[in-house]
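Tertiary structure, described
Listed below, chain by chain, are the residues.
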Amino acid sequence: MMRKVLILVLLAVLVFGCAQEEKKPEATPTPKPAATETPKPTPTPEKTATPPPFGGKKEVVIGVIGPMALPEGTAEKNAAMLAAKEINAQGGILGLKVRVVVGDTKLKPDEATKEFRRLATEEKADMITGGFSSGIMSAMMEVMAETKTVFLADASSPAHPAMVAKEYDKYKYWFRISQNNGSTFAWDLAEMIDYLRDQGVTVNKVYIIRDEHVWTDAVMKGLTPLLEERNIEIVGDEKVPRGYTEYEQLLLDAQDKGADLIMPILAIAGTGDVLAKQWAELQIPALLAGHDLAAIDAGFYEKTGGAANYYIFLADGGVLVTAPPTEMAAKFVEAYKKEYGHYPESHQAYGAYDAVYIYKMAVEAAYKAGEKNPFDPDVVVKYLEKYKPGNPAKLTRNVAFHKNHALVWGDDYVRNWIAQWQDGKQYIIYPSTVANGQLKLPPWI
Amino acid sequence: MLKTDFKKLILGIVFLVVFAAAPAFLPEAYVYLVGMMFLFLILVISWDVIVGYTGQVNLGHTVFVGLGAYTAALMQVPSRFEGSVDFLAGMPQAPIPVSILAGGIVAGFFGLAIGIITLRLKGFYFSLVTAILPLVFLKSVFVFSDIFGGEEGFSIGLERSLAGDVTLRYYYAFVIFLISFVIIYFIVNSRIGLRFRAVRDDEDLAESIGVNVVRYKILSFVISSFFAGIGGAAIVHYRITIGPDLYDIPLMLLIILSAVIGGLGTLYGPLFGGIVIYLMKSWWLRSLLPSIPEWLPINDDVILYAILIAVGVLAPEGIWGRVREMLRERAEAESPQST
Amino acid sequence: MIDIAVRIIVYGAVVGGIWALVASGFSLIFGVARILNFAHGIFFILAAYLGIVLAKSGVNPYLATLISILFVGGFAVAIYTGLLARIKEHEVMVIIVTLAIALLVEQILIIIFGEHGISYPALISGVLRIGKTPITYKRILAFVVAVVVLALLELFIHKTRTGKMIMASSQNYEGALLVGINVDRIFIITMFLSAVLAGIGGVLYTQVFAASPAASLKALIFAFAIVILGGLGSIKGSIVAAFIIGYIITITNQFLGAQWAEFAALLVIIAILVFKPTGLFGVEE
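Cut-offs applied
- Residues numbered from 1 in each chain as written.
- Chains lettered and ligands numbered in written order.
- Predicted model: local features only at pLDDT ≥ 70, side-chain atom pairs only at ≥ 80, totals over all residues.
- Heavy atoms only, no water.
- Helix = DSSP H or I, 4+ residues; strand = E, 2+ residues; numbered from the N terminus.
- Buried < 20%, exposed > 50% of the residue type's maximum accessible area, 1.4 Å probe, protein only.
- Contact = heavy atoms within 4.5 Å.
- Areas by Shrake-Rupley, 256 points an atom, 1.4 Å probe, with all protein chains shown as cover.
- Rg over C-alpha atoms; globule rule 2.2 N^0.38 Å.
- Phe/Tyr/Trp six-rings, centres within 6.5 Å; stacked < 30°, edge-to-face > 60°.
- Pairing = 2+ DSSP bridges.
- Axes fitted to C-alpha atoms, helices over the stretch in contact; angles between N-to-C directions.
- Expected span 1.5 Å × (residues − 1).
- Domains from an automatic or database assignment.
- Salt bridge = Lys/Arg side-chain N within 4 Å of Asp/Glu carboxyl O.
- Polar contact = N/O pair within 3.5 Å; in protein donor to acceptor, adjacent residues only side chain to side chain.
- Nonpolar A, V, L, I, M, F, W, Y, C, P; charged D, E, K, R; others polar.
- Buried area = accessible area lost by both parts, 1.4 Å probe.
- Right-handed = clockwise from strand over helix to strand, strands pointing away.
- Arc of directions from axis to C-beta.
- Parallel < 35°, antiparallel > 145°, perpendicular 65-115°, else oblique.
- Patch = residues over 30% accessible without salt bridge, like charges linked within 9 Å, V, L, I, M, F, W, Y side chains within 5 Å.

Further remarks concern the overall build of chain A. On a plain count of helices and strands, chain A comes out with 15 helices and 14 strands. Within chain A, buried positions represent 61% of all 445 residues. Taking as baseline every contact in chain A between residues at least 6 positions apart, the subset at least 24 positions apart corresponds to 71%. Taken as a whole, chain A presents about 16,300 Å² of accessible surface, with 53% of it coming from carbon and sulfur.

Pasting the structure below:
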């Protein structure tokens, strides 16, 4: 009896719920009142008279997809919404208002593909930005190929631009905007070691602690020959899964093996703060320097209770809150703080923000050139590709794409600066063209 | 007797018509969803075979779903074997029907092996062991991540999906489901099914009238695993990606919830329950999400678990009692006095 | 070489001690009320999270720990009286419902705190060095607390009246009823104790490592493995088994890595469940 009642109730609820489908509430949340002046992007697009609607198009839908339970995801969401808000305040894209819709990948491939599909087909997103994990990115690219949606993305595996190169017509809608290829990390890490040696630090034995994930394999492939060139011995190469916290044993192992440098290559693990704490507490006689996404977060020092002091890390995506490379970056960082109460929690924010603006720029350029439907994905791709080496888009970073749609790496484009935490602040210590600090060694070394 | 058959027939026809015509009036994203639902239903009805009809509460059904899925996926991307099981790496990509069948066969095979070992444990302990099995296979995905792809799995490529077009994919899924359903229906309504139910109702009595209890338990387990494997393999070809979520506990709970709400041991019950639960989770609950206030720490999973808890607590006779109750009801309905 | 041995002995003892706490809690409630509480890992992690939240908002870390452990005990009692008491005869449904509770709370924690680990504010800091091996005071604290609590538990069970009633109820439910023991009240007390033990384990674990929602599942798996190995219903068995498993984990960790450690634990459970479901010191049904 109970069961029959339960079933009837569920049925009723189901029917009722499906009926509700028709009037779905908007996904944009009520933005908090921002008192800052809305920063103008460079270059400023000319405001033309209201252009005619394109086949009855009422709005521009921007999708954000990422792991919303992680700072990488929320940063993407927040940044995209901020960009949309600013753009709307200036009249939107070609007179059409921008609406942001959000998808949560939950860092699971089936969730990610479901959500991507939903954003593309149900929400009819014109452009989707986001992503984080390289493995999930590959899965989403398959759906993107099906739905033909422009996807301005994150992640770092060289496999993605390789897909574009191999089957251009299928995957051309994908561009990586947030950061460089994993292989570039290897170059930056090698240059970091050169810099350390220049400063008098002995680096002969390196102990590597990296994510158990496909992206670090790409980095290692590039790094290993570079280390060999420099006569450096890799005394340890430990892979850690997501959420790993038992770094003590690894740190002691490194100490046993006489490592001068402990090099983390972490992003997915997410527990860089635990690593820093344990390193500082045990006072391991080795420098902690490498790639750790967690260390980029402006709140990292506080999170580790100061243990992050002297931690050397790569600033992915080419921006540090304390050292914005362009005027737009500086304005963005402050606007973000004003809107959300804290600085961008991860570098994915810059990618997402730039993605919205570069999309706007591409669409407007297409319109100016006389394209009949500037929002057509094939058309947008054409205009995005115009931002190539020699002609970067000046956003929060200088963004340009290679033929395979990977982000261009270089001093005048985007590269992963070597930075260090010193007494609560982040300083760039290399390259000297942007450096605003000097290397400091922990007292116990 | 005839009346119930007639009712079921009408229901069946309505079902077929509605779902065959669905793509015509559903937006594309929903067609995709409902297609996926059919594959989920295979998982649910196959679970009913071992639990509802044979009375062995297998809490590790997802082991076979995952096995079928990974088998199919690896047959599509044999290059993943490079560096470990090299002789398999050279395999050519299998045609899709072969891949799906292989998934079922591998799952069934493991079902045989696992069944032989575990089915000799008495009810409660059996459930306990089977509850832990998925965790072992889950871990194996991470430990051998070169082959299985670890946490994020891998994709088999758009070309290897059931069909490039979403609507066509929907129909393929529908057909696979129908075939599975028909086969299972015939099995449980045959003499074999009768023996399953005998084992469920009273093992000792069954043994005494000559039913080889162990053999039929294992047979049921193998059939159940085989179809779970088919379901898993089909799912991989449907959504193109594979991940450890197909081994994981949330999927198991979803299956349990569907079958228990629907009514175990009836095949139609779990079918119905599966439709309700799957659509509710993927469709309605998801659309509810934006209207949930930001400060409330709830998402669609939370609501679903809450429902499962409520059902479990309010209908606690759960699996054993329900079955017995339903049997009593059915015996009364089918007895000569009431027609 | 000696350093590694020292490290293994010390670390193994710490891990064993923490898991002994968690496992004995699990074993207690099963032995007494025949409830296989798959949500046990939640008490483990909730105490840690609550303590962190309280400490972050200014409460003294020690006080925060006390409050969160007591809260977790209360939460367990609420779950029992509200949900489990009605269905405790249906063992399989109890597994399903407690599993659902575990996943539900885990999801809520993920939504509120995100998936990454966070660490507990230090209850004690500093490092002791034995030879070249540094041993943080946190680990020493964890071990000492674990041993003390377990000793108190033993005393409680064997010396106090309530403890003896608990023992009686676990050995013979009907007999206990006949003798006039308010068995239901005993169940509630046991539930409280079980959660408190898990909570203490959780706080200690988070001191040395870090808390993440996924750790609740880890705690459950290990508690389960240990209790099965030691024998469902035997607290002494759980404690012995905890140290055995603790050393197996530490040694596997040292030489093969964390993933293998959990894998090994799972295989151990299955093997034992299949061949000797009653474990090392198990009570025959």
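We now examine the overall build of chain B. Regarding its fold elements, chain B presents 15 helices and 2 strands. Over its C-alpha trace chain B gives a radius of gyration of 20 Å, about what one expects of a compact globule, namely 20 Å for 339 residues. Overall, chain B is about 65 × 45 × 40 Å in size when its C-alpha atoms are taken along their principal axes. Every one of the 339 residues in chain B was classed for burial, and the buried ones make up 62%. For chain B, contacts bridging at least 24 residues in sequence account for 77% of all contacts bridging at least 6. About 13,300 Å² of surface is accessible on chain B, with carbon and sulfur atoms providing 69% of the total.

All names here are of chain B. Per the counting criterion, the structure on display carries 49 aromatic pairs over all chains. Judged by centre distance (5.6 Å) and plane angle (15°), the ring pair of Tyr70 and Tyr247 falls under stacked. Highlighted residues: Tyr70 in helix 3 (residues 61-76) and Tyr247 in the loop between strand 2 (241-242) and helix 12 (249-262), separated in sequence by 177 residues. A relative accessible area of 3% places Tyr247 in the buried class. When the ring of Tyr185 is compared with that of Tyr268, the centres are 6.3 Å apart and the planes differ by 70°; the resulting orientation is edge-to-face. Of this pair, Tyr185 sits in helix 8 (residues 166-188) while Tyr268 sits in helix 13 (residues 268-288), and the two are 83 residues apart along the sequence. Judged by its relative accessible area of 27%, Tyr185 falls in the partly exposed class.

Residues and elements named next belong to chain C. Two strands pair when backbone bridges link them, and strand 1 (residues 127-130) and strand 2 (residues 133-136) are joined in this way by 4 bridges, in the antiparallel orientation. Looking at strand 2, one finds that Val127 is bridged to Thr136. Taking the residues that link successive antiparallel strands as the turn, the strand 1-strand 2 hairpin has 2 residues, and the phi of Gly131 there is positive, at about 65°.

Below, the discussion takes up the sheet that holds strand 7 (residues 233-240) of chain A. Two strands in a sheet stick together by hydrogen bonds in their backbones, pointing the same way (parallel) or opposite ways (antiparallel). Residues and elements named next belong to chain A. Taken together, the 7 strands give an open sheet; going across it, the order is 7-6-8-9-10-13-14, and neighbouring strands pair in mixed fashion. The outermost strands of the open sheet, each flanked by one partner alone, are strand 7 and strand 14 (425-430). In this sheet, adjacent strand axes meet at a mean angle of 25° when their direction is disregarded. Alignment of strand 6 (residues 205-211) against strand 8 (residues 261-266), held across 5 bridges, turns out to be parallel. Residue Ile208 lies in a different strand from strand 8, and its bridge partner there is Met263.

Once that is clear, we can look at helix 9 (residues 215-230) of chain C. Since there are 3.6 residues in each turn of an α-helix, residues three or four apart along the chain are aligned in direction. Relative to the 22 Å expected for 16 residues at 1.5 Å per residue, helix 9 of chain C spans 22 Å between its end C-alpha atoms, a close match to the ideal helical length. Extensive coverage of helix 9 of chain C is indicated by the burial of 15 of its 16 residues.

As a further point, take the domain arrangement of chain A. Residues and elements named next belong to chain A. Here chain A is partitioned into domain 1 (59-180 + 325-399) and domain 2 (184-316 + 416-430). Computed over C-alpha atoms only, the centres of domain 1 and domain 2 are separated by 29 Å. With 17 residues of domain 1 in contact, the opposing surface of domain 2 contributes 16 residues. Taken together, the connections running from domain 1 to domain 2 amount to 0 salt bridges. For the pair domain 1 and domain 2, the number of links is 0 residue pairs in polar contact (both at pLDDT 80 or more). Across the side of domain 1 that touches domain 2, the residue classes tally to 6 nonpolar, 9 polar and 2 charged.

Right, let's talk about the domain arrangement of chain B for a bit. Residue and element names in this part refer to chain B. Segmenting chain B into domains produces domain 1 (26-247) and domain 2 (249-339). Each partner contributes residues to the interface: domain 1 has 35 residues there, and domain 2 has 26 residues. Of the roughly 2,800 Å² buried where domain 1 meets domain 2, counting both sides, 81% is carbon and sulfur surface. At the surface where domain 1 touches domain 2, the tally comes to 0 salt bridges. The interface formed by domain 1 and domain 2 includes 1 residue pair in polar contact (both at pLDDT 80 or more).

All right, on to unusual backbone geometry then. Working note: non-glycine residues mostly have negative phi, and peptide bonds are mostly trans. Residues and elements named next belong to chain A. Cis geometry marks the peptide bond from Tyr430 to Pro431; its omega dihedral reads 0°. Residue position: Pro431 is located in the segment after strand 14. Non-glycine residue Leu107 carries a positive phi angle of around 50°. Checked against the element boundaries, Leu107 lands in the loop between strand 2 (97-104) and helix 3 (109-122). We classify Leu107 as buried; its relative accessible area is 3%.

Turning our attention to the interface of chain C and chain A. The interface of chain C with chain A comprises 27 residues on the first partner and 27 residues on the second. The junction of chain C with chain A conceals about 2,300 Å² of combined surface from both sides, 45% of it contributed by carbon and sulfur atoms. Among the residues chain C hides against chain A, the three largest losses belong to Arg7(C), Glu115(C) and His116(C). Together they make up 24% of the total. The tally of links from chain C across to chain A stands at 3 salt bridges. Elements with a contribution of two residues or more to the side of chain C that touches chain A: helix 1 (2-33), strand 1, strand 2, helix 5 (137-159), helix 8 (183-208), helix 10 (235-255) and helix 11 (258-275) of chain C. Sort the elements by how many residues they give to the side of chain C that touches chain A and helix 10 of chain C lands first, with 3 residues. The class makeup of the residues in the side of chain C that touches chain A is 9 nonpolar, 11 polar and 7 charged.

What follows concerns the pairing of strand 2 of chain A. Residues and elements named next belong to chain A. Bridge analysis of strand 1 (residues 59-66) against strand 2 gives 8 bridges, and the strand direction is parallel. Within strand 2, the position partnered with Gly66 by the bridge is Asp104. With helix 2 (residues 71-89) bridging strand 1 and the parallel strand 2, this β-α-β connection has right-handed handedness.

Attention now goes to helix 9 (residues 191-201) of chain B. All names here are of chain B. Of all the positions in helix 9, only Gly193, Phe196, Val199 and Arg200 are classed as buried. Down the axis of helix 9, the buried set is contained in an arc of 115°. They therefore lie on one face. Residues Arg191 and Leu194 are exposed on helix 9 and point more than 90 degrees away from its buried face. One side-chain oxygen at the N-terminal end of helix 9 lies 3.1 Å from the backbone nitrogen of Ile192; it belongs to Ser190.

Looking now at the sheet that holds strand 5 (residues 174-176) of chain A. All names here are of chain A. Strand order in this open sheet of 5 strands is 2-1-3-4-5, and the pairing throughout is parallel. Strand pairing shows two members of the sheet lacking a second neighbour, strand 2 and strand 5, which therefore form its edges. On average, adjacent strands in this sheet sit at an angle of 20° to one another, irrespective of strand direction. Docked against the sheet, helix 2 engages strand 1, strand 2 and strand 3 (127-130), running at close to 170° with respect to strand 2. Packed onto the sheet, helix 4 (residues 134-147) meets strand 1, strand 3, strand 4 (150-153) and strand 5 and runs at close to 165° relative to strand 4.

Attention now goes to the packing of helix 5 of chain C against helix 8 of chain C. All names here are of chain C. The interhelical angle for the contact between helix 5 and helix 8, taken along N-to-C directions, is 170°, at an axis separation of 9 Å. With respect to helix 8, the axis of helix 5 lies roughly antiparallel. Residues Lys138, Arg139, Ala142, Val145, Ala146, Val149, Leu153 and Phe156 of helix 5 touch helix 8, and the partners they reach there are Leu193, Leu197, Ile200, Leu204, Gln207 and Val208. The residue makeup of the contact of helix 5 with helix 8, split by class, is 11 nonpolar, 1 polar and 2 charged.

Residues and elements named next belong to chain B. Where helix 3 meets helix 6 (residues 123-143), the closest approach of the two axes is 8 Å, and the angle between their N-to-C directions is 30°. As far as their axial angle goes, helix 6 and helix 3 are roughly parallel. Mapping the contact onto sequence places Thr62, Val63, Leu67 and Tyr70 in helix 3 and Leu133, Pro134, Phe137 and Val141 in helix 6. Grouping the constituent residues of the contact of helix 3 with helix 6 by class yields 7 nonpolar, 1 polar and no charged.

On to a nonpolar patch on the surface. Residues and elements named next belong to chain B. Together, Phe6, Leu9, Ile10, Ile13, Val14, Leu16, Val17 and Val18 give the surface a local cluster of nonpolar side chains, amounting to about 730 Å² of exposed area. On the secondary structure map, Ile13 appears in helix 1 (residues 2-25). When its relative accessible area of 46% is taken as the criterion, Ile13 is described as partly exposed.

Attention now goes to the interface of chain C and chain B. When the parts of a complex come together, some accessible area is lost, and that lost area is often taken as the interface size. Between chain C and chain B, the residue contacts involve 38 residues of the former and 40 residues of the latter. Across the chain C/chain B interface, buried area totals approximately 3,700 Å², and carbon plus sulfur atoms make up 86% of it. Where chain C touches chain B, the interface holds 0 salt bridges. For the pair chain C and chain B, the number of links is 0 residue pairs in polar contact (both at pLDDT 80 or more). At 15 residues, the largest contribution of residues to the side of chain C that touches chain B is made by helix 4 (residues 91-113) of chain C. Of the residues assigned to the side of chain C that touches chain B, the class counts are 31 nonpolar, 3 polar and 4 charged.

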